[in-house]
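Fold and geometry: a report
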Amino acid sequence: MISGLKVFDCTLREVGYQTGWYFESDFVRNLYKFAQGKGIDYVELGFFHKLDADPGRGCYRYCSMKNKEIVSVLKSIKNITKISAMRDIQRPMAGLLPKQESAVDTIRILTRSHETDLTVLDKRVEECMNLGYEVFINFTSAGYNSPEQNREFIKFAANKQVHAIEFADTESVMTEEYVVRTIEECHENGVECGVHLHDKNGTAELLADLALEHKADYMDVTHLGLGGKWRDGNLTMEYLLRKMGMTGGYEATMIKNQLIEQLIKYHGYSAAE
């Protein structure tokens, strides 16, 4: 593993936009076992959406309401690699289970930067922490944030003592200067920082190189770089493995083939726009 870096495999959550968060159980188990074997720190399942507000999706869309189904998929193999899911606080949300009853270890609170109300965010952070979860805050569309806005978010994260704060380049508009400045300002305030890089413009690897150089604490990837609500792609697992000096081996080839099979099988459930 790259010194000091922790990694989220976001394949299920991101590719879920194309499959409606339907995935065969064998594929999910193989994905988790691959992450475990390569030292990937987190596998992210999907969301905590409310079923009746967004019906007809697979169980990884409703990670608290479908907890029993998810536990049954992972209970025989779950080990050190943690399970995460996103809680989108600007969309209809299901209630949360206490962590000890949940398949999920870590909640990443998703808040759209331009819609963020820090009073509401504070309540959601407290809710997740009080239930025992490891808590991250993910600011999406963050490439449009002003330095002043990011400083406010960083100060909030420091005061709440969340596990980390992460910035998502949803529209692929972050610059090199933006990435460096944001990581440095997080660290100056004692806040761990992560990046979620989309690849609409082919800049994800360039920005990831800079993030690694400046000691980002967290980084998100997906197999084949697939996924995204707008099919805009992500930083690839393959990039990360190269940086780690690893090859994916046969297991990576199997995962990639199975992933394509999931896309074909569940294409009719796509939620991508």
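In what follows, the accompanying structure is described.

1. Considering the overall build of the protein chain
Across its full length, the protein chain holds nine helices and eight strands. Counting all 273 residues of the protein chain, 56% fall into the buried class. Considering only contacts within the protein chain whose residues lie at least 6 apart along the sequence, 76% involve residues at least 24 apart. Roughly 11,400 Å² of accessible area belongs to the protein chain as shown, and the carbon and sulfur atoms make up 49% of that amount.

2. Overview of the pattern of salt bridges
Counted by the stated rule, this structure contains 24 salt bridges. Across the salt bridge formed by Lys99 and Asp105, the nearest N and O atoms sit 3.9 Å from each other. Here Lys99 falls in the partly exposed class, since its relative accessible area comes to 29%. Put simply, Arg13, Glu14, Glu44, Arg108, Glu166 and Asp220 are held in one network by salt bridges that share partners.

3. A few points about the pairing of strand E8 (residues 218-221)
The alternating pattern of E8 places Tyr218 and Asp220 on one face and Met219 and Val221 on the opposite face, and all of these are buried. Where strand E1 (residues 6-9) lies against E8, four bridges are found, and the strand directions are parallel. Considered in E8, the bridge of Lys6 is made with Tyr218. As paired strands, strand E7 (residues 193-197) and E8 are joined by two bridges and run parallel to one another. Bridge assignment links Val195 to a residue of E8, and that residue is Met219. What joins E7 to E8 is helix H7 (residues 204-213), and the crossover it makes is right-handed.

4. Examining the sheet that holds strand E5 (residues 134-140)
With parallel pairing, eight strands are arranged side by side around a closed barrel as E1-E2-E3-E4-E5-E6-E7-E8. Between one strand axis and the next, the sheet turns by 25° as a mean value, whatever way the strands run. As paired elements, strand E3 (residues 82-88) and strand E4 (residues 106-112) share five bridges and run parallel to each other. In the strand pairing of E4, Met86 is matched with Arg108. The strands touched by H7 within the sheet are strand E6 (164-169), E7 and E8, with E7 carrying the most contacts at an inclination of about 170°.

5. So, the nonpolar core
By size, the foremost hydrophobic cluster in this structure holds 78 residues, and its most contacted members are Tyr60, Leu74, Ile165, Phe167 and Met219. Examining the composition of this core, we find that six residues originate from one element, helix H2 (residues 25-38), more than from any other. Not counting residues up to four positions away in its chain, the partners in contact with Leu74 are Val28, Tyr32, Leu45 and Ile83.

6. Concerning the packing of H2 against helix H3 (residues 67-74)
One can describe the packing of H2 onto H3 by two numbers: an axis separation of 9 Å at closest approach and a directional angle of 60°. Relative to H3, the element H2 lies oblique. Between H2 and H3 lies a crossing of right-handed hand. Contacts from Ser25, Val28, Arg29 and Tyr32 of H2 reach H3 at Ser72, Val73 and Leu74. Tallied by class, the residues present in the contact of H2 with H3 amount to four nonpolar, two polar and one charged.

7. Structural notes on the packing of aromatic side chains
Scanning the model with the defined rule gives 16 aromatic pairs in all. Aromatic side chains Tyr17 and Trp21 sit 4.9 Å apart centroid to centroid with 65° between the ring planes, which places their arrangement in the edge-to-face category. Each member of the pair, Tyr17 together with Trp21, is buried. Here Tyr42 and Phe136 contribute two aromatic rings whose centre-to-centre distance is 5.9 Å and whose plane-to-plane angle is 85°, an arrangement assigned as edge-to-face. Taken as a pair, Tyr42 in strand E2 (residues 42-47) and Phe136 in strand E5 lie far apart in primary sequence, 94 residues in all.

8. Some thoughts on the side chain of His196
Mapped onto the elements, His196 comes out in strand E7. Within the structure, His196 has its side chain in polar contact with the side chain of Glu14 (distance 2.8 Å). A polar contact is formed between the side chain of His196 and the side chain of His198, at a distance of 3.0 Å. Ignoring any residue separated from it by four or fewer positions in sequence, one finds His196 in contact with Arg13, Glu14, Phe167, Ala168, Asp169, Asp220 and Asn234.

Cut-off values and rules
Residues numbered from 1 in each chain as written. Predicted model: local features only at pLDDT ≥ 70, side-chain atom pairs only at ≥ 80, totals over all residues. Heavy atoms only, no water. Helix = DSSP H or I, 4+ residues; strand = E, 2+ residues; numbered from the N terminus. Buried < 20%, exposed > 50% of the residue type's maximum accessible area, 1.4 Å probe, protein only. Contact = heavy atoms within 4.5 Å. Areas by Shrake-Rupley, 256 points an atom, 1.4 Å probe, with all protein chains shown as cover. Salt bridge = Lys/Arg side-chain N within 4 Å of Asp/Glu carboxyl O. Pairing = 2+ DSSP bridges. Right-handed = clockwise from strand over helix to strand, strands pointing away. Axes fitted to C-alpha atoms, helices over the stretch in contact; angles between N-to-C directions. Core = buried A, V, L, I, M, F, W, Y, C linked by side-chain atoms within 4.5 Å. Parallel < 35°, antiparallel > 145°, perpendicular 65-115°, else oblique. Left-handed = near helix turned anticlockwise from the far one by under 90°. Nonpolar A, V, L, I, M, F, W, Y, C, P; charged D, E, K, R; others polar. Phe/Tyr/Trp six-rings, centres within 6.5 Å; stacked < 30°, edge-to-face > 60°. Polar contact = N/O pair within 3.5 Å; in protein donor to acceptor, adjacent residues only side chain to side chain.

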